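Residue strings, one per chain:
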Amino acid sequence: MLALSLCMATAPCAAKPAALPNLIIILTDDQGYADVGVFGAKGFQTPNLDRLGSEGCIFRNFHVAQPICSASRAGLLTGCYPNRIGIHGALMPRSKVGLSSNEMTLAELVKQRGYATAIYGKWHLGDATQFLPLHHGFDEYFGLPYSNDMWPLHPDLVKLPPNDARRKRGFPDLVMYDGDKVVIPQVTHEDQNQLTTWYTEHAVSFIERNKDRPFFLYLAHNMPHVPLHVSDKFRGKTERGLYGDVIEEIDWSVGKVMDALKRTGLEDKTWVIFTSDNGPWLAYGDHAGSAYPLREGKMTCFEGGTREPCIMRWPGRIPAGTESWQMFMSIDLFPTIAKLIGAEMPKNPIDGLDVWPIISGKRHAKNPHPAYWFYYEGPPQLQSVVTGDGRWKLQLPHTYVTLGGRPGGHGGLPAEYEKRKVEHPELYDLANDISETNDVSAEHSKIVKQLQAEAEKARAELGDALTKRQGKGIREPGRVSQATTAAGL
């Protein structure tokens, strides 16, 4: 009775809730599956990423929602298939569409629980002011609004004379934002050489300034997207050449973030996630990464386009020194984080599901999805369907780009892709054929039918340009307001 009286007089007897974890997502741009040491990198080293893996878990079957910039980022930040929310492909400068204010982002999700939020790096979900990060839950933003090749020095335009009018018609000057304000109106090659350093310095400062409150840091590097740029401290350091130099500088950046966490005593309180937005842009050859042993790369729904290197660390919560072949997708992070921190999910339906049992290494954990749907192009095409356990993949009839075994380009200029067709549904057993080389559809007709039924569910919900289907679950993207258009923004 005395104990009960004391309990009622002082505090609730319920167990004290766990402290809210800090969240760090480090996202690179066009880094291939094999471009990290523990994933088989050749010609350069990634000691900090390898250490992150030894202190956490290496996920070898992690996928992004689409094999292209804007769509991939939309899936990561909203937990939705990108075409559900009207984001397709890679948005161009001065795009009339962007991420809708009706969609909840990860930043808005965690702010329910009092998190400080920041993005340093590439945004690429609309460059009109209404679409920029500060209007989607982020407290701080420093970076480029879209890909670093979307400027008058784009590889397709670089051979033109410097003052040729076609340069500006192709792309406007590349700008750097700090919040909603343009702080560098004409980004130069010298500026791009400092991008990884600048983003890292901002990230470290953010950690130090918010060490006494929970925070969400989204460090979205522009590299190694072409045109490749690196600071002098890493230029010419690797056997692999410029691409290897760029990756080693990204690895240095990861090390600086890890050092900041250790210095502030936040290592055990922080969930760190490292991955890439899509596979390598193989057309660029020696300036592109490797997806080995996966088939194809960026802009395809083969494994090389969507399966990304992924490493996560959270001491005491994610088992150290482990690796997992369980499949899950970037869209699953949103609901997983929501449940962990006790935040309310958005009212609009999302597509991700809680996969914490997989991430935390729970014994006998299973993926909760019956299947994943892989779309590409705009209007979106349903190009493949994969069973939730990640074993069986059905490539649906579609046209894709490939080098067809030819080498890519050199020195920052691309080789020409050719187009090929998947003529009929092709089934791959990814557990035994990760490279998607042997079509086993004839031997597994029941699995083909199972995945075709999943494809029909996808078409009914999200549509499919290949079969001219309109999905019932599609929502409108954000659209540039008349006031913004009148202001010329």
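Residues numbered from 1 in each chain as written. Predicted model: local features only at pLDDT ≥ 70, side-chain atom pairs only at ≥ 80, totals over all residues. Heavy atoms only, no water.

1. Here's the deal with the pairing of strand E16 (residues 398–402)
Thought 1: In terms of burial, E16 is a largely internal element, 4 of the 5 residues being buried.
Thought 2: Here E16 pairs with strand E17 (residues 418–422) via 5 bridges, running antiparallel. Residue pairing for E17: Val 401 is matched across the bridge by Lys 419. (Buried < 20%, exposed > 50% of the residue type's maximum accessible area, 1.4 Å probe, protein only. Helix = DSSP H or I, 4+ residues; strand = E, 2+ residues; numbered from the N terminus. Pairing = 2+ DSSP bridges.)

2. Quick word on the nonpolar core
As a rule of thumb, nonpolar side chains are buried together in soluble globular proteins.
Thought 1: Counting 137 residues, the largest nonpolar core has Phe 216, Tyr 218, Trp 271, Met 312 and Ile 359 as the members making the most contacts within it.
Thought 2: Among the elements that take part in this core, helix H8 (residues 242–263) stands out by supplying 9 residues, more than any other.
Thought 3: Setting aside chain neighbours within four positions, we find Ile 359 in contact with Phe 59, Trp 271, Met 312, Ile 318, Pro 319, Phe 328, Leu 333 and Thr 336. (Core = buried A, V, L, I, M, F, W, Y, C linked by side-chain atoms within 4.5 Å. Contact = heavy atoms within 4.5 Å.)

3. Some remarks on helix H3 (residues 69–78)
Thought 1: Of all 10 residues in H3, 10 are buried, a share of seventy percent or more.
Thought 2: In this fold, the buried residues of H3 make contact with strand E1 (22–28), helix H4 (106–111), strand E8 (215–220) and helix H10 (333–341).
Thought 3: Positioned one or two residues after H3, Gly 79 has a phi angle of 75 degrees, which is positive.

4. Section: the packing of aromatic side chains
Thought 1: A complete count under the given rule lists 20 aromatic pairs for this structure.
Thought 2: With centroids separated by 6.2 Å and ring planes inclined at 80 degrees, the aromatic side chains of Phe 142 and Tyr 199 adopt a geometry described as edge-to-face. Of this pair, Phe 142 sits in strand E5 (residues 140–143) while Tyr 199 sits in helix H7 (residues 195–209), placing them 57 residues apart in sequence.
Thought 3: Residue classification places Tyr 199 among the buried positions, given a relative accessible area of 1%.
Thought 4: Ring centres of Phe 206 and Phe 215 lie 5.6 Å apart, and the angle between their planes is 80 degrees; on these two criteria the pair is classed as edge-to-face.
Thought 5: Judged by relative accessible area, Phe 206 falls into the buried class, the value being 1%.
Thought 6: Among the aromatic residues, ring-to-ring pairing joins Trp 123, Phe 138, Phe 216 and Tyr 218 into one connected group.
Thought 7: Positioned over the ring face of Trp 314 is Arg 317, at 4.6 Å from the centre of the ring.
Thought 8: Stacked on the ring of Phe 374, the Lys or Arg Lys 393 has its end atom at 5.8 Å from the ring centre. (Phe/Tyr/Trp six-rings, centres within 6.5 Å; stacked < 30°, edge-to-face > 60°. Lys NZ or Arg CZ within 6 Å of the ring centre and 35° of its normal.)

5. A short note on the environment of Glu 239
Thought 1: Tracing the backbone shows Glu 239 in the loop between E8 and H8.
Thought 2: Assessed through its relative accessible area of 77%, Glu 239 is described here as exposed.
Thought 3: With 196 residues separating them in the primary sequence, Glu 239 and Gly 43 have C-alpha atoms 4.9 Å apart.

6. Description of H8
Thought 1: The end-to-end C-alpha separation of H8 is 31 Å, in line with the 32 Å expected for 22 residues at 1.5 Å each.
Thought 2: Positive backbone phi, approximately 70 degrees, marks Gly 265, located one or two places after H8. (Expected span 1.5 Å × (residues − 1).)

7. Considering the pairing of E5
Thought 1: Alignment of strand E4 (residues 116–121) against E5, held across 3 bridges, turns out to be parallel. Bridging from a neighbouring strand, Tyr 120 pairs with Phe 142 of E5.
Thought 2: Here 2 bridges tie E5 to strand E6 (residues 176–178), and the two strands are oriented antiparallel to one another. Opposite Gly 143, over in E6, you have Tyr 177 as the bridge partner.

8. Things to note about the side chain of Gln 66
Thought 1: Among the secondary structure elements, Gln 66 is positioned in the loop between strand E2 (57–63) and H3.
Thought 2: The exposure class assigned to Gln 66 is buried, which follows from its relative accessible area of 1%.
Thought 3: For Gln 66, the contacting residues outside a window of four places in its chain are Ala 71, Ser 72, Pro 82, Asn 83, Gly 89, Asp 277, Asn 278, Tyr 375 and Tyr 376.

9. What about unusual backbone geometry?
Thought 1: With an omega of 5 degrees, the peptide bond running from Met 223 to Pro 224 counts as cis.
Thought 2: As for its position among the elements, Pro 224 is in the loop between E8 and H8.
Thought 3: Residue Glu 296 is not a glycine yet carries a positive backbone phi of 60 degrees.
Thought 4: Within the fold, Glu 296 resides in the loop between strand E9 (270–276) and helix H9 (303–306).
Thought 5: At His 364, a residue that is not glycine, the phi angle is positive and equals roughly 65 degrees.
Thought 6: Mapped onto the elements of the fold, His 364 is located in the loop between helix H11 (356–359) and strand E13 (371–376).
Thought 7: A residue is classified by how much of its surface remains accessible, and His 364, at 67% relative accessible area, is exposed.

10. Here we look at the packing of helix H2 (residues 47–54) against H8
Thought 1: Two elements in contact, H2 and H8, have axes whose closest approach is 7 Å; the angle formed by their N-to-C orientations is 50 degrees. Classified by the angle between their axes, H2 and H8 sit oblique to one another. Across the interface between the two elements, Pro 47, Asn 48, Leu 49, Arg 51 and Leu 52 of H2 pack against Asp 251, Trp 252, Val 254, Gly 255, Met 258 and Asp 259 of H8.
Thought 2: Within the contact of H2 with H8, the residues separate by chemical class into 6 nonpolar, 2 polar and 3 charged. (Axes fitted to C-alpha atoms, helices over the stretch in contact; angles between N-to-C directions. Parallel < 35°, antiparallel > 145°, perpendicular 65-115°, else oblique. Nonpolar A, V, L, I, M, F, W, Y, C, P; charged D, E, K, R; others polar.)

11. Details of the pattern of salt bridges
Pairs may arise between side chains of opposite charge once their charged atoms sit close together.
Thought 1: For the structure on display, the rule yields 28 salt bridges.
Thought 2: A salt bridge links Glu 267 to Arg 313; its shortest N-O distance comes to 3.8 Å. In this pair, Glu 267 is assigned in the loop between H8 and E9 and Arg 313 in strand E10 (residues 307–313), connecting sequence segments 46 residues apart.
Thought 3: One salt-bridge network, in which partners are shared between bridges, spans Asp 29, Arg 73, Lys 122 and Asp 277. (Salt bridge = Lys/Arg side-chain N within 4 Å of Asp/Glu carboxyl O.)

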